[in-house]
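Tertiary structure, described
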Amino acid sequence: MNYCIPTCHGSSALVVALEALGVQYGSEVLVPGLTWVACASAVASIGAIPVLIDVDSDTLCMSLSAAKKAITPNTSAIMIVHLYSSVADIDGFLELSLQTGIPLLEDCSQAHGAKWKGKRVGSFGDAAAFSFQQTKLLTSGEGGAVLTNSAENYYLLQQIRADGRAKVKQPIKGYLDIEEVGDVQGRNYGMSEFHAALLIEGLKRLDEENEKRNEFVHSLKTKLNRIDGVKIQGQPSELSFPVYYHLCLRFDLNFFGNSTIDKIAKALSAELRLPAVEPVDVPLNKNKLYCPLRSPRVPSTHRELLNPERFELPVADEARRTCLTIPHNALLASPDESEVIIKAIEKIRYNFLLRTESGTESA
Ligand SMILES: *Cc1c(COP(=O)(O)O)cnc(C)c1O
């Protein structure tokens, strides 16, 4: 992408990008039903309507066929999210965007550095948003950015981010390097230079760290063949360089004494001494953090449209029932150590099976 606009958070990157893409008050934005809450709340925060779309059963990213069915004359943007260890069907969504003229926004907050057919994610859509919050693959504690190839959007994005101001062509030492323009109503979502400095250094390590995690997961994948009933979140064949914000594993609970994913995650977390081994996000139609109707500013005409419970997300529900994630920092270990995860899963399975055989309640 030609242009990058740093912001204070990933959430504000989404807001700024949606506004620059022309998302109007009351229009609809397609958002995957399984993702971080900010994807939907950013849309609602600018008065637009998040339309929750179910995910693909293999990749757990937004389902292309479900998205096609949800498009109406009022759809103003499609927000795809490259989730956990995978990416959305970029080619499919690009084609849909071209056919319909609806802009495509890529949320890359969980996929820094991943490549689709050799090209970085975030360089395909009309704009891309990134988060650099402390849990992400590239971080400054808090932070975000929007990427775009369009000079026109770049000019708008700058103003939306900085109270209507944009970069001056020739900065003069001692003066602020932005000037007052005011083509649109902006707000202040700027990133500090201190945060930017951290990111510039972190960026130098990103590819190397991603490669290290890839070697680890490669080793783990081979060993996982030994265990029935556990597999890695599906990755499209076009994903030429995957990255692992969260390594997402899907469990066939039948092989684990029909236990629950919450219990398996808790046991695995204890075995690995890793607090952040957790089931995947609660789908947004029943996620307690996504409660747009509790906002003080819901117009009565939007009440029904904003109700998250009007959406059905059976595939996302199934993912929440069967999938857990392991955080990226654990995957920086040497590839041999993937054996530790395998042993822990085998032990847990043995324990859960034993409990069902002896008829005792699993704890
Ligand atoms: C983290 C995240 C965000 C929000 O980023 P913040 O920097 O925490 O505001 C948005 N979308 C996705 C997919 C994320 O993972």
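See above for the structure.
Everything numeric in this text was worked out from a predicted model, so none of it was measured.

Quick word on the packing of helix α7 (residues 261-272) against helix α10 (residues 338-357)
Where α7 contacts α10, the axes come no closer than 10 Å and their chain directions differ by 130 degrees. One way to sum up the angle between α7 and α10 is to call them oblique. In this structure, α7 meets α10 at a crossing whose hand is right-handed. Residues Lys263, Ile264, Ala267, Leu268, Glu271 and Leu272 of α7 form the contact with α10, whose participating residues are Val340, Ile341, Ala344, Ile345, Lys347, Ile348 and Phe352. Within the contact of α7 with α10, the residues separate by chemical class into 10 nonpolar, no polar and 3 charged.

Here's the deal with the site of the ligand
By nearness alone, 15 residues border the ligand, and Gly10, Ser11, Asp107, Ser131 and Lys136 come closest of all. Here the ligand loses 93% of its free accessible area of 380 Å² to cover by the protein chains. Those elements giving two or more residues to the shell around the ligand turn out to be α1 (10-20) and α2 (38-45). Broken down by class, the residue content of the shell around the ligand amounts to 4 nonpolar, 9 polar and 2 charged.

Re the packing of aromatic side chains
Under the criterion given, the structure shown has 3 aromatic pairs. Taken together, a centroid distance of 4.5 Å and an interplanar angle of 15 degrees make the contact between tyrosine 3 and tyrosine 154 stacked. With tyrosine 3 in strand β1 (residues 3-7) and tyrosine 154 in helix α5 (residues 151-161), the pair connects residues that are 151 residues apart, well separated along the chain. Its relative accessible area of 24% is what places tyrosine 3 among the partly exposed residues. Taking the ring centre of phenylalanine 241 as reference, the NZ or CZ of lysine 115 above it sits at 5.5 Å. A cation sits over an aromatic face here: arginine 349 above phenylalanine 256, 5.9 Å from the ring centre.

Description of helix α9 (residues 314-322)
Those residues of α9 that sit buried are Ala316, Ala319, Arg320 and Thr322. Residues of α9 that are buried sit in contact with β14 (246-251), α7, β15 (278-279) and β16 (323-327).

As for the state of the cysteines
What the rule picks out here adds up to 0 disulfides. Of all cysteine sulfurs, the one in cysteine 248 lies closest to cysteine 61, which takes part in no disulfide; the gap is 9.6 Å. Taking relative accessible area as the criterion, cysteine 61 reaches 1% and is therefore assigned buried. With no disulfide of its own, cysteine 323 lies 4.5 Å from the sulfur of cysteine 248, the closest cysteine sulfur.

A word on the side chain of threonine 59
Note that threonine 59 resides in the loop between β3 (49-53) and α3 (64-70). Accessibility expressed as a relative area gives 11% for threonine 59, which makes it buried. If sequence neighbours within four positions are ignored, threonine 59 has contacts with Ser86, Val87, Gln233, Gly234 and Pro236.

Concerning the sheet that holds β14
By way of backbone hydrogen bonds, the strands of a sheet pair with one another, either parallel or antiparallel. As summarised here, the arrangement of the 4 strands in space is β12-β14-β16-β15, forming an open sheet in which the pairing is antiparallel. Among the strands making up the open sheet, the edge pair consists of β12 (230-232) and β15. Two elements, β12 and β14, share 3 bridges in a ladder whose sense is antiparallel. Bridged to lysine 231 within β14 is arginine 250. Here helix α6 (residues 193-224) sits on the sheet and contacts β12 and β14; the angle it forms with β12, its principal contact strand, is near 150 degrees. The sheet contacts of α7 involve β14, β15 and β16, and relative to β16 the element is tilted by about 25 degrees.

Criteria and thresholds
- Residues numbered from 1 in each chain as written.
- Predicted model: local features only at pLDDT ≥ 70, side-chain atom pairs only at ≥ 80, totals over all residues.
- Heavy atoms only, no water.
- Axes fitted to C-alpha atoms, helices over the stretch in contact; angles between N-to-C directions.
- Helix = DSSP H or I, 4+ residues; strand = E, 2+ residues; numbered from the N terminus.
- Parallel < 35°, antiparallel > 145°, perpendicular 65-115°, else oblique.
- Left-handed = near helix turned anticlockwise from the far one by under 90°.
- Contact = heavy atoms within 4.5 Å.
- Nonpolar A, V, L, I, M, F, W, Y, C, P; charged D, E, K, R; others polar.
- Near = heavy atom within 4 Å.
- Areas by Shrake-Rupley, 256 points an atom, 1.4 Å probe, with all protein chains shown as cover.
- Phe/Tyr/Trp six-rings, centres within 6.5 Å; stacked < 30°, edge-to-face > 60°.
- Buried < 20%, exposed > 50% of the residue type's maximum accessible area, 1.4 Å probe, protein only.
- Lys NZ or Arg CZ within 6 Å of the ring centre and 35° of its normal.
- Disulfide = S-S within 2.5 Å.
- Pairing = 2+ DSSP bridges.

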